[in-house]
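Structural description and commentary
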Amino acid sequence: MNEVEINDNSFLRQFETKVEGHLAKIEYSSQERKVFLTKLVIPESITQESFKEDFIKSVLHHIQDKNLRVVPTSPQIAGFLRKNRQYKEMLPVGIRI
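Residues numbered from 1 in each chain as written. Predicted model: local features only at pLDDT ≥ 70, side-chain atom pairs only at ≥ 80, totals over all residues. Heavy atoms only, no water.

- The chain goes by N-acetyltransferase in an unreviewed UniProt entry, where it is assigned to Aggregatimonas sangjinii.

Put into structure tokens, the structure is as follows:
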């Protein structure tokens, strides 16, 4: 995994990173020690498929470091969690994807 530098822009409620002068972001909302990942936005100019996975992993590690749970409401992020079961313990009790 290539670590992606994450900026937590809490004012806009999004995790963001700059790649090749473009902004990639994951929008979120938080409530009661849970982070709801609501939307993944990656500019069309970023064509490496590996970037999307690296970006999601970096955001998940950032959330994990804060001891928070994650609720993926974005279909792309939910699909990533389905394929990468090692992040399953980050889901709140009772949430399945």
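Next comes the rest of the account.
**Topic: the overall build of the chain**
- Secondary structure assignment for the chain yields two helices and five strands.
- Going from the N terminus to the C terminus, the chain shows its helices and strands as β-β-β-β-α-β-α.
- At 13 Å, the chain has a C-alpha radius of gyration in line with the 13 Å of a compact globule built from 97 residues.
- Considered along the principal axes of its C-alpha atoms, the chain spans approximately 40 × 30 × 20 Å. (Helix = DSSP H or I, 4+ residues; strand = E, 2+ residues; numbered from the N terminus. Rg over C-alpha atoms; globule rule 2.2 N^0.38 Å.)

**With respect to the UniProt feature "domain: N-acetyltransferase" (unreviewed entry) in the chain**
- UniProt's feature table lists "domain: N-acetyltransferase" (unreviewed entry) at residues 7-92, given in the numbering used throughout.
- With 30% helix and 36% strand, residues 7-92 has end C-alpha atoms that lie 24 Å from one another. (UniProt positions renumbered as here; feature names shortened; annotations may be inferred.)

**Overview of the nonpolar core**
- Residues Phe15, Ile26, Leu37, Phe55, Val59, Leu60 and Ile63 are the most contacted members of the largest nonpolar core, which totals 24 residues.
- Going through the elements one at a time, strand 2 (14-19), strand 3 (22-31), strand 4 (34-41), helix 1 (49-65) and helix 2 (75-83) are the ones with two or more residues in this core. (Core = buried A, V, L, I, M, F, W, Y, C linked by side-chain atoms within 4.5 Å. Buried < 20%, exposed > 50% of the residue type's maximum accessible area, 1.4 Å probe, protein only.)

**As for the side chain of threonine 17**
- In this fold, threonine 17 is placed in strand 2.
- Exposure remark for threonine 17: the relative accessible area of 7% places this residue in the buried category.
- Once residues within four sequence positions are removed from consideration, threonine 17 is found in contact with Val4, Glu5, His22, Leu23, Ala24, Phe51 and Phe55. (Contact = heavy atoms within 4.5 Å.)

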